[in-house]
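Listed here are the chains, written in short residue letters.
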Amino acid sequence: MPLPKPNLYPPFNIVRLSHVEFVVTDLAVSRTFYVDTLGLQVTYEDEQTITLRGLEERGHHCVVLRRGEKPVANSLSFKVYDEADLDKAHDWFKAQRLPVEWVERKWQGRTLRTRDPIGIPLEFYAHMDRLPPIHQKYKLYRGVSPLRIDHFNCFSTNVDESVAFYNSIGFRVTEYTDDAESGKLWAAWMHRKGGVHDIAFTNGRGPRLHHIAFWVPSPLNIIELLDLMATTGYLANIERGPGRHGISNAFFLYIRDPDGHRIELYCSDYQTVDPDHEPIRWDLKDPQRQTLWGAPAPRSWFEEGSFFAGVEVRDAELKAQPIVAP
Ligand SMILES: [Fe+2]
């Protein structure tokens, strides 16, 4: 299907992605990974919960870790411009016959919980507690020095449908992969905040969360993280990279947290704020799509992902596959 025309005047104004809530099975083990190894900053912790932020972030958290039995993702959250947008979002989702409820979330104002048509649980809020800046407290920089959350990537059972839906609420496509044979979308990258993406969709068994990504200062930080992980017991957690993406042109590394949630370290994509910014097309069979230097991604990268709590998954409708490492 052709890409939809960008909706420059959406029904409510989403500023950016905000945070993910992960269920993890051992908070102490996760703390060692996220705080001592990656270098995220703890903003709250008790026996059930740890909240984290990146070094540039003023909002209270970009990750919430909850202790639980099954390692799932509870929700993906987005910040809207103001309280009026939250009410507009409520009415819009309700008009689409999607479930809406107001939920209580510590450190946030009014929070709307809903879902998208393929089942991804979404939350929207306008106000989160603000914290003092720490980006010039260089003694806090360690690990890979994560500056901020950059994007979510989800498995979608129908990427055309996902793109049509998110396009209708103002996300704009920056790059996409299609299957030349069927003409259907296989993957798409969509933004609100003016980078390559806030959220991306990959064809696959879903809905599932493929990964979340943190923006880091430079490729050198990623190399240093690899040295650290390789010598502190995290060798098996290194999944793919380092490398340069074809799509987004970002330098990347994919790692797995102790429960298997996939994390990307990411830097150096490009500006996309122009309302007439033209999307870039990639062919599914082009090996430089995944990695500019040509190395294909491992099979696990196409098959494994985090389940959303209580959400049933199904196979992708499109069966086309990219080139996969043997
Ligand atoms: Fe990514």
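Thresholds applied
Residues numbered from 1 in each chain as written. Predicted model: local features only at pLDDT ≥ 70, side-chain atom pairs only at ≥ 80, totals over all residues. Heavy atoms only, no water. Buried < 20%, exposed > 50% of the residue type's maximum accessible area, 1.4 Å probe, protein only. Helix = DSSP H or I, 4+ residues; strand = E, 2+ residues; numbered from the N terminus. Pairing = 2+ DSSP bridges. Donors = N, O, S within 2.8 Å, 3.2 Å for Na, K, Ca; no water. Contact = heavy atoms within 4.5 Å. Polar contact = N/O pair within 3.5 Å; in protein donor to acceptor, adjacent residues only side chain to side chain. Phe/Tyr/Trp six-rings, centres within 6.5 Å; stacked < 30°, edge-to-face > 60°. Lys NZ or Arg CZ within 6 Å of the ring centre and 35° of its normal. Axes fitted to C-alpha atoms, helices over the stretch in contact; angles between N-to-C directions. Salt bridge = Lys/Arg side-chain N within 4 Å of Asp/Glu carboxyl O.

Caption draft 1: Broad picture of the pairing of strand β5 (residues 73-80). Burial analysis of β5 places 8 of its 8 residues in the buried class, the great majority of the element. Two strands pair when backbone bridges link them, and strand β1 (residues 14-24) and β5 are joined in this way by 7 bridges, in the antiparallel orientation. Each residue of the ladder has a partner; that of H19, found in β5, is S77. As defined by bridge partners, β5 adjoins strand β8 (residues 121-125) across 4 bridges and the pair is classed as parallel. Within β8, the residue paired with L76 across the bridge is L122.

Caption draft 2: Up close: the coordination of the iron ion. The protein atoms that coordinate the iron ion are H151 (NE2), H211 (NE2) and E264 (OE), at distances spanning 2.0 to 2.1 Å. Summarised as a motif, the one-chain spacing of the donors to the iron ion is H-x59-H-x52-E. One end of the pair, H151, is in strand β9 (residues 148-156); the other, H211, is in strand β13 (residues 208-215), and 60 residues separate them in sequence. One exposure class covers both H151 and H211, and it is buried.

Caption draft 3: The environment of L55, seen in detail. For L55, the location among the structural elements is in the loop between β3 (49-53) and β4 (63-67). For the pair formed by L55 and H135, sequence separation is 80 residues and the distance between their alpha carbons is 5.1 Å. Residue contacts for L55: discarding those within four places in its chain leaves Q41, I134, H135, L140, Y141, S145, P146 and L147.

Caption draft 4: Local environment of the side chain of H261. Position of H261 among the secondary structure elements: in the loop between β15 (251-256) and β16 (262-267). Among the polar contacts made by the side chain of H261, one reaches the main-chain carbonyl oxygen of V23 at a distance of 3.0 Å. Other than its neighbours up to four places away in sequence, H261 contacts F22, V23, V24, Y34, P71, V72, A73, I255, R256 and S306.

Caption draft 5: Inspection of the packing of aromatic side chains at higher detail. All chains considered together, the criterion is met by 23 aromatic pairs. Measuring from centroid to centroid gives 5.0 Å for Y166 and F201, while their planes differ by 40°, and the two rings are tilted. Here Y166 is found in helix α3 (residues 159-168), whereas its partner F201 is found in strand β12 (residues 199-203), with 35 residues between them in sequence. Each member of the pair, Y166 as well as F201, carries the same accessibility label: buried. Ring centres 5.4 Å apart and planes at 50° place the aromatic pair F252 and Y254 in the tilted group. Judged on exposure class, the residue F252 and its partner Y254 are both buried. Pairwise contacts between aromatic rings join F12, F78, W92, F93, F124, F152, F165, Y166, F171 and F201 into one cluster. A cation over an aromatic ring shows up here: R208 above the ring of F307, its NZ or CZ 5.9 Å from the ring centre. Geometry around W301 places R240 over its ring, the cationic atom sitting 4.7 Å from the centre.

Caption draft 6: Local environment of the sheet that holds strand β2 (residues 41-45). Spatially, β2-β3-β4-β1-β5-β8-β7-β6 is the arrangement adopted by the 8 strands of the open sheet, whose pairing is mixed. Of all strands in the sheet, those with a lone pairing partner are β2 and β6 (101-103), marking the two edges. Shown here is a sheet whose adjacent strand axes are inclined to one another by a mean of 25°, direction ignored. Most of the contacts of helix α1 (residues 27-37) go to β3, to which it runs at about 10°, and overall it touches β1, β2, β3 and β4.

Caption draft 7: Broad picture of the pattern of salt bridges. On inspection of all chains with the given rule, the structure shows 15 salt bridges. Here R113 ties to E123 by a salt bridge, and the two come within 2.7 Å at their closest N and O atoms. Of this pair, R113 sits in strand β7 (residues 111-115) while E123 sits in strand β8, placing them 10 residues apart in sequence. Given the relative accessible area of 22%, R113 is considered partly exposed. Given the relative accessible area of 2%, E123 is considered buried. Measuring nitrogen to oxygen at the nearest pair gives 2.8 Å for the salt bridge that ties D178 to R281.

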